[in-house]
Amino acid sequence: ASPAVELACRRMRTLCESVDDRRILVPALWRLSIFSCVNDDLDTAHAIGEQLGELGPEGDNEAATLAGHMLLGMIQTRAGDQAAARGHIDAAITMCQEGCDTTVAGFVAEVPAAWVHVCSAMNLALLGEDEQAEHEARRAVALATAADDGTNVYAITCAMWFAAVVATIRDDVELTRRRCEDAISIATAQGYWMMFVPFLAAHLGWAVAREGLVDDGLAQIEANASAVSATGAAMWRHVFAALSADACLAAGRFADALDHADRGLAALDPGGERWYEAELHR
């Protein structure tokens, strides 16, 4: 989310408009879409995902088609449109099972199949399909682990992060804590500190608060929300507020819970992520 990356992405987008070589264009569009997601500009990310989908049929480009489904599945999940996301997720799962992910694996650091299944897990958890969601979360971590050749711990950590998110959605406090602690240990050892740890540590704070150490947990959530904001990233803002609200609610601190919920609702943007909005209202 740094200004330097933004400048590079702007230049990359300009170049994309004049390049016909899909071997270059597809990875560039993928990275641009991810940049927009980190900055919580899901409208732009969605438009890029649709652009990738349109490239596929025209050039018989499996990489573009799969990348488009992967992005749109994740983006629509985060935007709160779970039904629409499901179609893209299922299509991406099928393509990965058919071996169409080889080229995409060259520019998706998270391992395509692991990405798709962890997105599926999050989508199913938000739809209330707890058992299927947990199965998909475990599948994602297994796929990332199986693809590890000693250099792809990034993919494992990412899968573990979202598996922890799924546990939070399912209100499984103990599993959330365990997954966060394991992932934080790996991320810290591998140097992915700012990429994963603040998000994981915030969910860990939620678990700590729910286990009874409310003030400690709340302080952890707030500190790590501030750490994410300091990087320039705009994603997860309403989620951090929801975690704090739920921690206060569980402790019977109702006025504080309402304050955090109101703060989370105020952080919502029409073109940004809203996947935890229902919980804020609830």
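Residues numbered from 1 in each chain as written. Predicted model: local features only at pLDDT ≥ 70, side-chain atom pairs only at ≥ 80, totals over all residues. Heavy atoms only, no water.

**What to know about the overall build of the protein**
Phase 1: Along its length, the protein carries 14 helices and 0 strands.
Phase 2: Overall, the protein shows an N-to-C arrangement of helices and strands of α-α-α-α-α-α-α-α-α-α-α-α-α-α.
Phase 3: Computed over its C-alpha atoms, the radius of gyration of the protein comes to 18 Å, within 12% of the 19 Å expected for a compact globule of 282 residues.
Phase 4: In terms of principal-axis extent, the alpha carbons of the protein reach across some 60 × 35 × 35 Å.
Phase 5: For the protein, with 282 residues in total, the buried portion stands at 51%.
Phase 6: Long-range contacts, defined as pairs at least 24 residues apart, comprise 63% of the intrachain contacts of the protein with a sequence gap of at least 6.
Phase 7: Total accessible area computed for the protein in this model is approximately 12,500 Å², and 52% of it derives from carbon and sulfur atoms.
Phase 8: Of the charged side chains in the protein, 20 are positive and 41 negative, and the gap between their average positions amounts to 2 Å. (Helix = DSSP H or I, 4+ residues; strand = E, 2+ residues; numbered from the N terminus. Rg over C-alpha atoms; globule rule 2.2 N^0.38 Å. Buried < 20%, exposed > 50% of the residue type's maximum accessible area, 1.4 Å probe, protein only. Contact = heavy atoms within 4.5 Å. Areas by Shrake-Rupley, 256 points an atom, 1.4 Å probe, with all protein chains shown as cover. Lys, Arg positive; Asp, Glu negative; His and termini not counted. Charge placed at Lys NZ, Arg CZ, Asp CG, Glu CD.)

**What about unusual backbone geometry?**
Phase 1: With a phi close to 70 degrees, Val-111 is a non-glycine residue in the positive phi region.
Phase 2: A positive phi is found at Trp-236, a non-glycine position, where the angle reads about 75 degrees.
Phase 3: Its place among the elements puts Trp-236 in the loop between helix 11 (214–230) and helix 12 (237–250).

**Notes on empty space enclosed by the protein**
Phase 1: By the definition in use, this model includes 2 cavities of 30 Å³ or more.
Phase 2: If you trace the largest cavity, you find it lined by Asp-40, Ala-234, Met-235, Trp-236, Arg-237, His-238, Ala-267, Leu-268, Asp-269 and Glu-273.
Phase 3: In terms of residue class, the lining of the largest cavity is built from 5 nonpolar, 1 polar and 4 charged.
Phase 4: Taken as a whole, the second largest cavity spans an internal volume of roughly 30 Å³.
Phase 5: Looking at the second largest cavity, the residues that line it are His-69, Met-70, Ile-89, Ala-92, Trp-115, Val-116 and Cys-119.
Phase 6: Listed by contribution, the elements that provide at least two residues to the lining of the second largest cavity are helix 4 (62–78), helix 5 (82–97) and helix 6 (112–126). (1 Å grid on protein atoms, 1.4 Å probe; cavity = no way out; pocket = protein on both sides within 12 Å on 5 of 7 lines; lining within 4 Å. Points joined across faces, edges and corners; volume = space filled by probe spheres on them. Nonpolar A, V, L, I, M, F, W, Y, C, P; charged D, E, K, R; others polar.)

**Comments concerning the pattern of salt bridges**
Phase 1: Enumeration according to the criterion identifies 18 salt bridges in this entry.
Phase 2: A salt bridge links Asp-90 to Arg-86; the shortest N-O distance between them is 2.9 Å. With a gap of 4 residues between them, Asp-90 and Arg-86 both fall in helix 5, about one helical turn apart.
Phase 3: With relative accessibility at 37%, the residue Asp-90 sits in the partly exposed group.
Phase 4: Accessibility expressed as a relative area gives 15% for Arg-86, which makes it buried.
Phase 5: Notably, a salt bridge pairs Arg-138 with Glu-134, separated by 2.8 Å at the nearest N-O pair. Residue Arg-138 and its partner Glu-134 are both found in helix 7 (residues 130–146); the two are separated by 4 residues, about one turn of the helix.
Phase 6: Its relative accessible area of 54% is what places Arg-138 among the exposed residues.
Phase 7: Taken together, the shared-partner salt bridges connect Glu-174, Arg-177, Arg-178, Glu-181 and Glu-211 into one network. (Salt bridge = Lys/Arg side-chain N within 4 Å of Asp/Glu carboxyl O.)

**With respect to helix 7**
Phase 1: With 17 residues, helix 7 should reach 24 Å at 1.5 Å per residue; the first-to-last C-alpha distance of 24 Å fits that figure.
Phase 2: Listing the buried residues of helix 7 in full gives Ala-133, Glu-134, Glu-136, Ala-137, Ala-140, Leu-143 and Ala-144.
Phase 3: Those residues of helix 7 hidden inside the fold are in contact with helix 5, helix 6, helix 8 (153–169) and helix 9 (173–190). (Expected span 1.5 Å × (residues − 1).)

On their own, these measurements won't tell you what the molecule is for.
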